[in-house]
Amino acid sequence: MAQLSKSEILDWLREDRTGPLRELYARADAVRKESVGDAVHLRGLIEISSHCRRQCMYCGLREANRDIERYRMTREEIEECARTAVALGYGTVVIQAGEDDALTSEWIAEIVGAIKRTTPLAVTLSLGERSEEELRAWRKAGADRYLLRFETSDADLFRAIHPGRSRNAPDRLAILRQIKQLGYEAGGGVMVGIPGQSYESLAQDVLTFRALDLDMIGIGPYIAHPATPLGSGRLRPPIDPGDQAPGSEQMVYKMIALARILCPTANIPSTTALATINRTRGRRQGLQVGANVVMPNLTPVRYRPLYQIYPAKACIEESATDCNQCLRGQIRSINRFPGRSTGGRGELEVNAGVLANAASPLVQLQEKSYGG
Ligand code: 5AD
Ligand code: FES
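This write-up is about the structure you can find in this document. In this text the structure is predicted, and so the values were computed from the model without any measurement.

Time to look at the overall build of the protein. Each helix and strand in the protein was counted, giving 13 helices and ten strands. Relative to the globule expectation of 21 Å for 372 residues, the C-alpha radius of gyration of the protein, 19 Å, shows essentially globular dimensions. On the principal axes, the C-alpha backbone points of the protein span a range of 60 × 50 × 40 Å. A total of 372 residues make up the protein; the buried ones form 58% of that total. Once local pairs closer than 6 in sequence are excluded, the contacts in the protein between residues at least 24 apart make up 77%.

Below, the discussion takes up the environment of G183. Tracing the sequence through the fold places G183 in the loop between α7 (172–181) and β5 (185–192). With a relative accessible area of 37%, G183 lands in the partly exposed category. When the C-alpha positions of G183 and E349 are compared, they lie 23 Å apart, and in sequence the two are 166 residues distant. Excluding anything up to four places from it in sequence, G183 contacts R139 and D144.

Close to ligand 1 lie Y58, C59, Q96, R149, E151, M191, P221, Y222, I223, I309 and Y310. Here a nitrogen atom of ligand 1 and a backbone polar atom of Y58 are 3.0 Å apart. Calculation on ligand 1 without its partners gives an accessible area of 400 Å², and the protein chains cover 86% of this total. When its residues are assigned to classes, the shell around ligand 1 shows eight nonpolar, one polar and two charged.

It is worth spelling out the packing of helix α1 (residues 6–14) against helix α9 (residues 249–262) at this point. Close contact between α1 and α9 brings their axes to 9 Å; oriented N to C, the two are set at 150°. The orientation of α1 relative to α9 falls into the category roughly antiparallel. Every pair of crossing elements has a handedness; the one defined by α1 and α9 is right-handed. Along its contact with α1, which presents I9, W12, L13 and R14, the element α9 presents M251, K254, M255, L258 and L262. In terms of residue class, the contact of α1 with α9 is built from seven nonpolar, no polar and two charged.

This part is about unusual backbone geometry. The phi dihedral of E151 falls on the positive side, at around 70°, and the residue is not glycine. Structurally, E151 can be placed in the loop between β4 (145–147) and α6 (155–161). On the accessibility criterion, E151 (9% relative accessible area) is buried. Positioned with a positive phi, D213 is a non-glycine residue whose angle comes to about 50°.

Attention now goes to the pairing of strand β3 (residues 122–126). In terms of burial, β3 is a largely internal element, five of the five residues being buried. By the alternation rule, side chains of β3 split into A122, T124 and S126 and V123 and L125, which are all buried. Direction of pairing for strand β2 (residues 92–97) relative to β3: parallel, over a ladder of five bridges. Along β3, the bridge assignment pairs I95 with L125.

This paragraph deals with helix α4 (residues 105–118). Its 14 residues place the ends of α4 20 Å apart at the C-alpha level, agreeing with the 20 Å of an ideal helix rising 1.5 Å per residue. Considered for burial, the residues of α4 that qualify are S105, I108, A109, I111, V112, G113, A114 and I115. On its buried face, α4 is in contact with β1 (39–49), α3 (75–87), β2, β3 and α5 (132–140).

To continue, consider the pattern of salt bridges. Considering all chains together, one arrives at 26 salt bridges under this definition. Across the pair K33 and D38 runs a salt bridge, and its minimum N-O distance is 2.8 Å. Residue classification places K33 among the partly exposed residues on the basis of a relative accessible area of 47%. The residue D215 makes a salt bridge to R345 at a minimum N-O spacing of 2.8 Å. On the criterion of sequence distance, the pair formed by D215 in the loop between α8 (199–211) and β6 (216–221) and R345 in the loop between β8 (337–338) and β9 (347–349) is long-range, its members being 130 residues apart. Put simply, R53, R54, E99, D101, E129, E151 and R172 are held in one network by salt bridges that share partners.

To continue, consider the nonpolar core. The biggest cluster of nonpolar side chains holds 95 residues, and the ones touching the most others in it are I48, L125, L127, W138, F209 and I219. Here this core gets ten residues from one element, more than from any other, and that element is α9. Dropping the residues within four chain positions of it, I48 is found in contact with Y71, R72, M73, I78, I95, Q96, A97, L103, W107, I108 and L127. Counting six residues, the second-largest nonpolar core is a separate cluster that includes V94, L147, M216 and V293.

This part covers the packing of aromatic side chains. Overall, the coordinates contain four aromatic pairs when judged by the stated rule. A ring pair is formed by Y71 and Y303, whose centres lie 4.4 Å apart and whose planes are at 10°; its orientation type is stacked. Here Y303 lies in the loop between β7 (293–294) and α12 (320–333) and Y71 lies in the loop between β1 and α3, a separation of 232 residues in the sequence. Each of the two residues, Y71 as well as Y303, counts as buried. When the ring of F150 is compared with that of F209, the centres are 5.8 Å apart and the planes differ by 55°; the resulting orientation is tilted. One end of the pair, F150, is in the loop between β4 and α6; the other, F209, is in helix α8, and 59 residues separate them in sequence. Neither residue differs from the other here; F150 and F209 are each classed as buried. Here the basic side chain of R14 rests over the ring of Y199, its NZ or CZ set 4.0 Å away from the ring centre. In this structure, R302 packs its charged tip against the face of Y303, placed 4.7 Å from the ring centre.

Parameters at a glance
- Residues numbered from 1 in each chain as written.
- Chains lettered and ligands numbered in written order.
- Predicted model: local features only at pLDDT ≥ 70, side-chain atom pairs only at ≥ 80, totals over all residues.
- Heavy atoms only, no water.
- Helix = DSSP H or I, 4+ residues; strand = E, 2+ residues; numbered from the N terminus.
- Rg over C-alpha atoms; globule rule 2.2 N^0.38 Å.
- Buried < 20%, exposed > 50% of the residue type's maximum accessible area, 1.4 Å probe, protein only.
- Contact = heavy atoms within 4.5 Å.
- Near = heavy atom within 4 Å.
- Polar contact = N/O pair within 3.5 Å; in protein donor to acceptor, adjacent residues only side chain to side chain.
- Areas by Shrake-Rupley, 256 points an atom, 1.4 Å probe, with all protein chains shown as cover.
- Nonpolar A, V, L, I, M, F, W, Y, C, P; charged D, E, K, R; others polar.
- Axes fitted to C-alpha atoms, helices over the stretch in contact; angles between N-to-C directions.
- Parallel < 35°, antiparallel > 145°, perpendicular 65-115°, else oblique.
- Left-handed = near helix turned anticlockwise from the far one by under 90°.
- Pairing = 2+ DSSP bridges.
- Expected span 1.5 Å × (residues − 1).
- Salt bridge = Lys/Arg side-chain N within 4 Å of Asp/Glu carboxyl O.
- Core = buried A, V, L, I, M, F, W, Y, C linked by side-chain atoms within 4.5 Å.
- Phe/Tyr/Trp six-rings, centres within 6.5 Å; stacked < 30°, edge-to-face > 60°.
- Lys NZ or Arg CZ within 6 Å of the ring centre and 35° of its normal.

Written out as structure tokens, the structure is:
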């Protein structure tokens, strides 16, 4: 696989002619097919708590937002969602929350342990910047993967939109390295179009995905939330208007395609934020320009409106069964098939429906045998 230099990546990010972009997307789709196949993995998302002690300038769950009612799911509710994931045929649950101090190390470890003992699910955690001790305890309890988007590789912009971090706290890139060392599959990622985010820094983000050798890469558009300093326009990081990267659908597709080309075997979701800016086609188009994962929501419907990271989030009213059917339909409509394995990195799945009598529908491959 030919590598792209930073200036080539930058050229693609500035490209807006349909013809060349079609080629970029076709190339990313071909790399996706060759490296991770036609399976689309379903990861059931459980948003377990909307409490957060942080003040991220873009996020609707920031502590200073007093206009929202906060919730925390019970252990029983979370385990019930995991059973639903099994019933719907998902391979993974993603347990996500704000940085909620009440989610203690022991409590999370118990829930992870219970899910791992009683279901075949892979468990992904997405609980923010947590200490090495906590990360170690959860890994020991059986958690398989950890998601922590680094949001932007521009250190100045990161600092501007994440106030109140202590000087010697490890940065997210350092935490991601820790996550890998602990034996988790590590997921990073960015928002596209953050005020103050340049094309150049997006190019650096793509190179960072590769340098970190991420197992999972989440990319979605930045969506302004009016109850936040960044979304209300009160905070304006300094940037030349010509350098500002837009948070458009097309920019997100370009970032997904470039991530796939540079990181062929990573698992890359077509995100809910993308579905939010284009309800009818966003998810499918993400899957057609490099993505191979979707994240149907399993959070009980009564909590959904309370987990408003950004406004007008897709799938607020749909039940778990609705999203399951909707996504399976979308996957079929683009000639792909829903994954049946847990869909870890390096698992290449063939269509079990087509090979109904094959001895093993799941071919486990070492990454090096096809990642060249
Ligand atoms: N728009 C888009 N994505 C957002 N996130 C947080 N706030 C927003 C927003 N306003 C994303 C961040 C975070 C993930 C859980 O949600 O990338 O890591
Ligand atoms: Fe939720 Fe389509 S995925 S309604």
